[in-house]
Amino acid sequence: MFDVIQPGLETSIQDYPGRIGFWNQGFPPSGPMDSWSFRLANLLVGNPVGAAGLEAQYMGPTLKFSRDGVIAICGADMQAKLDGQPAPLWESIAVKSGQTLAMSAAKQGVRAYIAFAGGIDTPPWLGSRSTFHKAGVGGMEGHALKPGQSIPVAAGQGAAGAGTAGRKVKPEARPRFPSDKTWSIEVVAGPNDDWIDEAGQQRFLSSDWKLSAKSDRTGFRLDGPQWTFTEKAYKKAPENGAEPSNIIDHGYPLGAINLAGQTPIILVNDGPSMGGFINPYTVPSAAFWKLGQSKPGDIYRFKAISVDEAQAQRLALNAICQNSNIV
Amino acid sequence: MAERIETMVPGNVWKVLVKPGDKVSPGDVLFILEVMKTEVPHTSEQGGTVKAVHIVEAQEGVDAGMLAVEID
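Every chain is numbered on its own, with residues counted from 1 as its sequence reads. For this description, chains carry letters from A and ligands carry numbers from 1, given in the order in which they are written. Where local features are concerned, this predicted model is filtered to residues with pLDDT of at least 70; where side-chain atom pairs are given and counted, the filter is 80 or more; whole-chain, interface and lining totals use all residues.

Observations regarding the sheet that holds strand β2 (residues 12-16) of chain B
Residue and element names in this part refer to chain B. As a reminder of what qualifies: For two strands to be treated as a pair, DSSP must find no fewer than two bridges joining them. By the criteria applied, helices consist of DSSP H or I runs no shorter than four residues and strands consist of E runs no shorter than two, each listed in order from the N terminus. Helix axes are fitted to C-alpha atoms over the stretch in contact, other axes to C-alpha atoms as well, and angles between N-to-C directions run from 0 to 180 degrees.
The strand order across the open sheet formed by three strands is β2-β4-β5, and the pairing between neighbours is antiparallel. Of all strands in the sheet, those bounded by a partner on one side alone are β2 and β5 (38-43). Averaged over all pairs of adjacent strands, the angle between their axes in this sheet comes to 30°, without regard to strand direction. Inspection of the sheet shows strand β4 (residues 29-35) paired to β5 by six bridges, in the antiparallel sense. Paired with Ile32 across the two strands is Pro41, which belongs to β5.

Quick notes on the domain arrangement of chain A
Residues and elements named next belong to chain A. The condition that has to hold: Domain delimitation follows an automatic or database domain assignment. Put simply, Ala, Val, Leu, Ile, Met, Phe, Trp, Tyr, Cys and Pro go in the nonpolar bin, Asp, Glu, Lys and Arg in the charged bin, and everything else, Gly too, in the polar bin.
On domain assignment, one finds that chain A holds domain 1 (2-169) and domain 2 (182-320). Within the residue set of the side of domain 1 that touches domain 2, elements represented by two or more residues are α1 (35-44), β5 (69-77) and β10 (108-116). Grouping the amino acids of the side of domain 1 that touches domain 2 by side-chain chemistry returns eight nonpolar, eight polar and three charged.

Looking at unusual backbone geometry
Under the convention used in this document: Here a residue counts as buried when 20 or more other C-beta atoms fall within 10 Å of its C-beta, as exposed when 12 or fewer do, and as partly exposed in between; the C-beta atoms come from the backbone.
For the peptide bond that leads from Tyr16 of chain A to Pro17 of chain A, omega is 5°, which places it in the cis range. Structurally, the position occupied by Pro17 of chain A is in the loop between β2 (12-14) and α1. Looking along the chain, the bond that leaves Gly190 of chain A and enters Pro191 of chain A is cis, with omega of 10°. On the secondary structure map, Pro191 of chain A appears in the loop between β12 (182-189) and α3 (198-206). In the Ramachandran plot, Ser30 of chain A falls in the positive-phi region, its phi being about 55° despite a non-glycine side chain. Inspection of the secondary structure puts Ser30 of chain A in the loop between β2 and α1. Under the C-beta neighbour-count criterion, Ser30 of chain A is labelled buried, with 32 such atoms within 10 Å. Notably, Ala58 of chain B is not glycine yet its phi reads approximately 75°, a positive angle. Within the secondary structure, Ala58 of chain B is located in the loop between β6 (48-53) and β7 (67-71).

Here's the deal with the sheet that holds strand β1 (residues 3-6) of chain B
Paired through their backbone hydrogen bonds, the strands of a sheet run either parallel or antiparallel. Residue and element names in this part refer to chain B. The strand order across the open sheet formed by four strands is β1-β7-β6-β3, and the pairing between neighbours is antiparallel. The two strands at the open ends of the sheet, each matched to only one other strand, are β1 and β3 (23-24). Where β1 and β7 come together, four bridges link them in antiparallel fashion. Within the sheet, the bridge partner assigned to Glu6 lies in β7 and is Leu67.

In C-alpha cells, the structure reads:
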C-alpha cells in the first residue's frame, strides 16, 4: 500500500498485456507503452511480467509507502530519490513504511515504470487493471493518479513473492535509448498501402518524421512531407468521403499509421478501434517501446519489415523479458 | 537571490503569464507548457522581479531543461 503525495503527469496504473479481447467493442488494450521496461520491473520484484504497476510520463510521482516492501523502477530516468537518497534504475529496492519515493522530470526517455512486489491490487475491469481514462475504467477510479489516494498493493505469495532487494537487470537486456534523438521504427505495409502511390511510399520510408507534442497514449502525431495517392484514393464512391485519405469506416489495427488528411497519427495503446481514414502502414507491437520512450521533436525513420519479421521481433522481446536476465 | 526556472518537460509553450519587470510571489504560475495535450504549469519558488523571459507563446518544440524565465 502507498499514498499518492504528488501524482506527476498523468501517472496511471497499467498491467500487461492490458485489456485484451474487447477491441471489437471499442475498448483498446491500454497497458504500458514500453512493455519491455514494464515487464523487467515486474521480474525484478518477483512478480509475473503482467502484474499491475505504475506508468509515469515525463514527470514522475511522489509516493509515500505505508507498508514495508520491495519495488523496482525501469525505463526513463526520472532521478528517483528514496528519502532523499538516489534510487537506482533496473534494480529492486527495499522500501520501509513511512519512506517517500520522489521522482522528477525525465532526463532520458519519457516513461518510467514502477513495480511493487505483489502487484497493485485495484479491482480489474473486463479482466484488466489497466487505466483507460477516456472511458473512465480500470486503474484507480478510472483515471490517472490523484493526490491523497491510497493505492492497494497485494501481499506477495511466498518468499519470492515478497520480493528481494538488490536484484538487477543484465545490462544487455535493457532497452537502449538513442543519444541523437533519432529512432528507427519498424513498419509493416498495410492494410491500405495500395492507396499510396510509389513515390508516396518511397517518401514515407526515406523521410525524417518529427514527433509532435500533441501526442499522447491515444495517438502519436507526426510532422513530415506531403503524401501522394493512387487513383483508388480519388476514384471512389462518394460515401468514402471527400479527402483522398477518407474511406468508409473500417476497423483499425493497433499500431496503425492513420492518415488524417495529410497528417499521420500512429494509433497506440489507448487508440480508437475504427474510423474513416486509411492506414497505409502499421507499427508492430515489438516497436511500441520506442514510441513510448521518444520525446516531442525526436525523429522517426521508418523501416519496412514483413509480418514474419514483426512476429519474430515480438518473440525475441518476449525472450528478453525472462528471469534469466535478472541477476 | 536569483532564480532560474527551466522547462520541466519537452513540448509547446501554451501560455506565458509574466513579462520582464513583473513582480511575482512564491508559487505564482509563470508559464504553462503543453505536452500530451496536458497543461504543465511552471511556478516561481522564491518570487521576486522577472528579469528575463526566454520563451514566447505558441513556441513549438522546446526541450526539457531549457532556461525559460529568470527572476531577481
